[in-house]
Amino acid sequence: MFIASKILAFLTEPLAWVALLVAAGLLSVNRRPRLCKGLLTSSLLILLLLGWTPLSNAVLRPLETRFVPVLPDADLRQYTGVVILGGALESSYLWTLPGQYMLNSAAERMTNVATLLRSQPKLQLVFTGGEGELLASGLSEAQRAQIFFASQGITERQVRYESASRNTYENAVFSKALPEVDPTQRWLLLTSAWHMPRAMATFQKTGWNVTAYPTDFRTAPNVPWTQYSMKNSLSIWRTALHEWLGLLAYRVSGRA
């Protein structure tokens, strides 16, 4: 399942679709020139549409609005702790400077933890994340998380680490097996808003009593129709395609 997901990740690259259309058009240029023209025209139109921000926003936003955000002043005393999903730390091969940490575009998964602890210092923390790379080497994400949390004044005694999981399903199963972790108690599940539907379905399927704590929002309720950015929109398209396909695969396989 893990290897297959990495291979199928090709489908989540919108520019790969454009490249396939161009390649098909070039292959048909001699035998079927009209088809060639249609394919090349379609690839150009798709490429232009990929940069239109309202369209990419509309594809991702239904995932981000599935769960209501937790307000900063919410009373969280009824919760045992927070399960933090990995995915916010850059790959281990980029961690080359001692004492330094590197976060990616999902950094809020990590930075919001310190804010939570300041308001609710008794919350237990569980960080779950091994190595999601196909050819893993170097520090696991849990080890990288330890470096980051230490820099924020969060001690090892405050966090339990799960370092073997490679995807959301394994996050749920492996963290459930950690010593002194009772998944039947009330936990907050902290991950990116766009990832929350699949994460919640998976954790609940495996027996966790979790409440969504979405963060790292990428979309807005009202995006100007004139907004256009190929760079930003491609990133949103990639995230949306990855998550919609992942949610479908998890439901088909019975993992969510």
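Below is a short write-up of the structure. Just so you know, these numbers come straight off a predicted model, no measurement behind them.

### Some thoughts on the overall build of the protein chain
- Helix and strand content of the protein chain: nine helices and five strands.
- Written out in order from the N terminus, the α and β elements of the protein chain read α-α-α-α-β-α-β-α-β-α-β-α-β-α.
- Seen along its three principal axes, the alpha-carbon backbone of the protein chain occupies a region of about 70 × 40 × 40 Å.
- The buried share of the protein chain, reckoned over its 256 residues, is 43%.

### What about unusual backbone geometry?
- Residue glutamate 180 is not a glycine yet carries a positive backbone phi of 65 degrees.
- Inspection of the secondary structure puts glutamate 180 in the loop between α7 (168–176) and β4 (186–192).
- The phi torsion at aspartate 216 lies on the positive side, around 55 degrees, for a residue other than glycine.
- For aspartate 216, the location among the structural elements is in the loop between β5 (209–215) and α9 (230–253).
- Among the residues examined, aspartate 216 registers a relative accessible area of 3% and is labelled buried.

### Considering the pairing of strand β2 (residues 124–128)
- In terms of residue burial, β2 counts as a mostly covered element, since four of its five residues are buried.
- In the sheet, β2 pairs with strand β3 (residues 159–162) via four bridges, with the strands oriented parallel. Residue pairing for β3: valine 126 is matched across the bridge by arginine 160.

### Details of the packing of aromatic side chains
- With the rule as written, the count across this model stands at seven aromatic pairs.
- Measuring from centroid to centroid gives 6.3 Å for phenylalanine 127 and tyrosine 161, while their planes differ by 55 degrees, and the two rings are tilted. A residue pair is termed long-range when its members are at least 10 positions apart, and phenylalanine 127 in strand β2 and tyrosine 161 in strand β3 qualify at 34 residues.
- You can call phenylalanine 127 buried: its relative accessible area is 0%.

### Let's talk about the packing of helix α3 (residues 33–50) against α9
- Running from N to C, α3 and α9 cross one another at 95 degrees; their axes reach a closest spacing of 8 Å. Of the possible angle classes, the one that applies to α3 and α9 is roughly perpendicular. Of the residues in α9, those touching α3 at Leu47, Leu49 and Leu50 are Met230, Ser233, Leu234 and Trp237.

### Some thoughts on a nonpolar patch on the surface
- On the surface, Phe10, Leu11, Trp17, Leu20, Leu245, Leu248 and Val252 cluster together into a nonpolar patch covering about 700 Å² of accessible area.
- Elements represented by at least two residues in the nonpolar patch include exactly α2 (14–27) and α9.
- Within the secondary structure layout, leucine 20 lies in helix α2.

### A look at the pattern of salt bridges
- Taken as a whole and assessed by the stated rule, the structure comprises six salt bridges.
- One salt bridge connects glutamate 180 with arginine 160, and the closest N-O pair in it is separated by 2.8 Å. In this pair, glutamate 180 is assigned in the loop between α7 and β4 and arginine 160 in strand β3, connecting sequence segments 20 residues apart.
- In this structure glutamate 180 comes out as exposed when scored by relative accessible area, which is 68%.
- The salt bridge partner of arginine 218 is aspartate 216, with a shortest N-O separation of 2.9 Å.

### Comments concerning the sheet that holds strand β1 (residues 81–85)
- One open sheet accounts for five strands, arranged β3-β2-β1-β4-β5; its pairing is parallel. Of all strands in the sheet, those bounded by a partner on one side alone are β3 and β5. The mean inter-strand angle of the sheet, taken between neighbouring strand axes irrespective of direction, is 25 degrees.
- Across the sheet, helix α5 (residues 108–119) is in contact with β1, β2, β4 and β5; its angle to β4 comes to roughly 140 degrees.
- Each of β1, β2 and β3 touches helix α6 (residues 141–151); the most contacted strand, β3, lies at about 155 degrees to it.

### Quick notes on α6
- Listed as buried for α6 are Glu141, Ala142, Arg144, Ala145, Phe148 and Phe149. For α6, the angular spread of buried residues about the axis comes to 155 degrees, placing them on one side.
- Once α6 ends, the next one or two residues include glycine 153, with phi positive near 80 degrees.

### Digging into the side chain of serine 140
- Inspection of the secondary structure puts serine 140 in the loop between β2 and α6.
- Accessibility expressed as a relative area gives 12% for serine 140, which makes it buried.
- Setting aside its immediate chain neighbours within four residues, serine 140 contacts Gly130 and Ser163.

Calculation notes
- Residues numbered from 1 in each chain as written.
- Predicted model: local features only at pLDDT ≥ 70, side-chain atom pairs only at ≥ 80, totals over all residues.
- Heavy atoms only, no water.
- Helix = DSSP H or I, 4+ residues; strand = E, 2+ residues; numbered from the N terminus.
- Buried < 20%, exposed > 50% of the residue type's maximum accessible area, 1.4 Å probe, protein only.
- Pairing = 2+ DSSP bridges.
- Phe/Tyr/Trp six-rings, centres within 6.5 Å; stacked < 30°, edge-to-face > 60°.
- Axes fitted to C-alpha atoms, helices over the stretch in contact; angles between N-to-C directions.
- Parallel < 35°, antiparallel > 145°, perpendicular 65-115°, else oblique.
- Contact = heavy atoms within 4.5 Å.
- Patch = residues over 30% accessible without salt bridge, like charges linked within 9 Å, V, L, I, M, F, W, Y side chains within 5 Å.
- Areas by Shrake-Rupley, 256 points an atom, 1.4 Å probe, with all protein chains shown as cover.
- Salt bridge = Lys/Arg side-chain N within 4 Å of Asp/Glu carboxyl O.
- Arc of directions from axis to C-beta.

Fair warning: the whole summary comes from geometry, so function is off the table for now.
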